[in-house]
Amino acid sequence: MKEKLDNICEECKKEDESVSQNLIMYGYKFCESCRLSKTIFPV
Ligand SMILES: [Zn+2]
């Protein structure tokens, strides 16, 4: 049974291997570049 590990970034809708890794590590379903921009500019 699969969860939402489809590797699609919620920010830019691009597929990237880092999306599932960031989801596990940080709880954010973002690719690496979007995660970095969110880290630099937190909401
Ligand atoms: Zn992204």
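Because the structure is predicted, anything quoted here is derived from the model rather than measured. (Residues numbered from 1 in each chain as written. Predicted model: local features only at pLDDT ≥ 70, side-chain atom pairs only at ≥ 80, totals over all residues. Heavy atoms only, no water.)

Participant: Account for the pattern of salt bridges, with residues named and values stated.
Facilitator: Taken as a whole and judged by the stated rule, the model has three salt bridges. When the shortest N-O distance is used, the salt bridge between K38 and E11 registers 3.8 Å. Of this pair, K38 sits in helix α2 (residues 32-40) while E11 sits in the segment before α1 (17-26); the two residues are 27 residues apart in sequence, bridging distant segments of the chain. Take K38: its relative accessible area is 27%, and that puts it in the partly exposed class. Judged by its relative accessible area of 42%, E11 is partly exposed. A salt bridge links E32 to R35, with the shortest nitrogen-to-oxygen separation between them at 2.8 Å. (Salt bridge = Lys/Arg side-chain N within 4 Å of Asp/Glu carboxyl O. Helix = DSSP H or I, 4+ residues; strand = E, 2+ residues; numbered from the N terminus. Buried < 20%, exposed > 50% of the residue type's maximum accessible area, 1.4 Å probe, protein only.)

Participant: If you had to explain α1 to someone new, which residues and values would you point to?
Facilitator: For α1, the full list of buried residues reads S18, V19, S20 and N22. Considering only its buried residues, α1 is in contact with α2. Just past α1, the residue G27 takes up positive phi, approximately 85 degrees. (Contact = heavy atoms within 4.5 Å.)

Participant: How would you sum up the nonpolar core? Please name residues and give values.
Facilitator: If you look at soluble globular proteins, the nonpolar side chains tend to sit buried side by side. Counting residues in hydrophobic clusters, the biggest one holds five residues: C9, V19, F30, C31 and C34. Ignoring anything within four residues of it in the chain, the contact list for C9 reads K14, V19, K29, F30, C31 and C34. (Core = buried A, V, L, I, M, F, W, Y, C linked by side-chain atoms within 4.5 Å.)

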